[in-house]
Amino acid sequence: DGNMTESHFTSEVGGNGSFNSSTFPVGDTATRQQQVGLLSFDTSAIPVGSTITSAELRLFCTSIVSFPSSLGALNIDMRNPYIFPTSYRYGAQDVVEASDFQAWSHFLSVGQITLPARNQFTAWTPLDAKGLLAINRGGITQMKLRFTNPDDGDLLTDSIAFAASDYGATSS
């Protein structure tokens, strides 16, 4: 799990990617760059050929900066894992890369996260029928989180941060 930040305002190209933090922000920066989240799930335990009847995404909010609601809906986009062997992922690798930012999704808005009013709160949404089809049975499933509006033009950072999959992990 991690995020990609746009290289420059309106470039629509990733400038950097981060996958080694316990949290990841989604929103915009004070320099009007988009921040997009990327989630990866090991769904290899789901048997190939099985039918998935429901699924939901749950995200734990760790912080809210300014007014991310000014960016519109927080959408979940997904790739089609069945076109060719690596079509489940956004980039050349399973980890977050800057180029994942501009990689396109096959299925847009398979769910919309309702923004929590405060941090330390779990936000969730069910996946729609397209999202259920995009779950990679027998492999890895990736999802991209993005706001409808890439930037609200206020020159303030407007973002919401969520816990990454290893949130709360401790080391000795």
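As shown above, the structure is provided for reference.
In short, a report on the structure. Residue positions within a chain follow its written sequence, with the count starting from 1. For a predicted model such as this one, the threshold for reporting local features is a pLDDT of at least 70, and the threshold for listing and counting side-chain atom pairs is 80 or more; totals across whole chains, interfaces and linings nevertheless cover every residue. As a rule here, side-chain values cover all heavy atoms of the structure and leave hydrogens and water aside.

**Re the overall build of the protein**
Stage number 1. Broken down by element type, the protein carries one helix and ten strands.
Stage number 2. Helices (α) and strands (β) of the protein occur, in sequence order from the N terminus, as β-β-β-β-β-β-β-β-α-β-β.
Stage number 3. Just to be clear, the radius of gyration here is over C-alpha atoms, and the globule rule we use is 2.2 Å times residues to the power 0.38. Computed over its C-alpha atoms, the radius of gyration of the protein comes to 15 Å, within 12% of the 16 Å expected for a compact globule of 172 residues.
Stage number 4. In terms of its C-alpha atoms, the protein occupies a principal-axis envelope of roughly 50 × 40 × 30 Å.
Stage number 5. Think of it in three bands: with a 1.4 Å probe and only protein chains considered, a residue is buried below 20% of the maximum accessible area for its type, exposed above 50%, and partly exposed in between. Relative to its 172 residues, the protein shows a buried fraction of 44%.
Stage number 6. With 9 positive and 16 negative side-chain charges, the protein shows a spacing of 7 Å between the two charge centroids. Secondary structure is summarised from DSSP: a helix means a run of H or I of at least four residues, a strand means a run of E of at least two, and numbering begins at the N terminus for each. Counting rule applied: Lys, Arg positive; Asp, Glu negative; His and chain ends not counted. The atoms used to mark charge sites are NZ of Lys, CZ of Arg, CG of Asp and CD of Glu.

**Comments concerning the nonpolar core**
The nonpolar side chains of a soluble globular protein tend to be buried, and buried together.
Stage number 1. Residue types Ala, Val, Leu, Ile, Met, Phe, Trp, Tyr and Cys, when buried and joined through side-chain atoms within 4.5 Å, form a set referred to as a nonpolar core. Core analysis: the biggest nonpolar cluster contains 25 residues, and Leu57, Ile76, Met78, Leu127 and Leu145 have the highest contact counts within it.
Stage number 2. Of all the secondary structure elements, the ones that give two or more residues to this core are β3 (23–28), β5 (56–65), β6 (74–78), β7 (107–113), β9 (140–147) and β10 (158–163).
Stage number 3. Contacts between residues were defined by any pair of non-hydrogen atoms, one from each residue, lying within 4.5 Å. Ignoring any residue separated from it by four or fewer positions in sequence, one finds Ile76 in contact with Leu57, Phe107, Leu108, Ser109, Val110, Gly111, Ile113, Thr125, Leu127, Met143, Lys144 and Leu145.

**Topic: the pattern of salt bridges**
Stage number 1. A pairing counts as a salt bridge when a side-chain nitrogen of Lys or Arg comes within 4 Å of a carboxyl oxygen of Asp or Glu. Within this structure, the stated rule accounts for four salt bridges.
Stage number 2. Between Asp94 and Arg89 there is a salt bridge; the shortest N-O distance is 3.3 Å.
Stage number 3. Using a relative accessible area of 16% as the deciding quantity, one classes Arg89 as buried.

**Topic: the pairing of β9**
Stage number 1. Among the eight residues in β9, six count as buried, and that is most of the element.
Stage number 2. One bridge is not enough; two strands pair if DSSP finds at least two bridges between them. Where strand β4 (residues 34–42) and β9 come together, six bridges link them in antiparallel fashion. By the bridge assignment for β9, Leu39 is matched with Met143.
Stage number 3. As paired elements, β6 and β9 share five bridges and run antiparallel to each other. Across the sheet, residue Leu74 finds its bridge partner in β9, namely Phe147.

**Description of the packing of aromatic side chains**
Stage number 1. Each Phe, Tyr or Trp ring (for Trp, its six-membered ring) is paired with any other whose centre lies within 6.5 Å, and the angle between the two planes then decides the class: stacked below 30 degrees, edge-to-face above 60, tilted in between. Counted under the stated rule, the structure contains one aromatic pair.
Stage number 2. By the criterion adopted, a ring carries a charge over it if an Arg CZ or a Lys NZ lies within 6 Å of its centre and within 35 degrees of its normal. The ring of Tyr90 is capped by Arg79, whose NZ or CZ atom sits 5.7 Å from the centre of that ring.
Stage number 3. The ring of Trp104 has Arg79 sitting right over it, with the charged end atom 5.3 Å from the ring centre.

**Notes on the environment of Ala30**
Stage number 1. With respect to the helices and strands, the residue Ala30 is situated in the loop between β3 and β4.
Stage number 2. The class for Ala30 is partly exposed, based on a relative accessible area of 36%.
Stage number 3. For Ala30 and Phe101, which are 71 residues apart along the polypeptide, the C-alpha to C-alpha distance reads 19 Å.
Stage number 4. Beyond its immediate sequence surroundings of up to four residues, Ala30 is in contact with Leu155, Leu156 and Thr157.

**Brief notes about empty space enclosed by the protein**
Stage number 1. A 1.4 Å probe that fits but cannot get out identifies a cavity on a 1 Å grid over protein atoms alone, an open set with protein on both sides within 12 Å along at least five of seven lines counts as a pocket, and a residue lines either if it has an atom within 4 Å of a point. Grid points are joined across faces, edges and corners, and a volume is the space filled by probe spheres set on the points. Taken as a whole and assessed by the stated rule, the structure comprises one cavity of 30 Å³ or more.
Stage number 2. What the largest cavity holds in volume is close to 30 Å³.
Stage number 3. In terms of lining, the largest cavity is formed by Gly27, Gln34, Gln35, Val36, Arg146, Phe147, Asn149 and Pro150.
Stage number 4. Secondary structure elements with two or more residues in the lining of the largest cavity: β4 and β9.

**Comments concerning the pairing of β6**
Stage number 1. Counting buried positions along β6 gives five out of five residues, so the element sits mostly inside the fold.
Stage number 2. Neither face of β6 is left uncovered, since the one carrying Leu74, Ile76 and Met78 and the one carrying Asn75 and Asp77 both have all their residues buried.
Stage number 3. For β6 and β7, the ladder comprises four bridges, and the chain directions are antiparallel. Note on β7: the bridge partner recorded for Met78 is Phe107.

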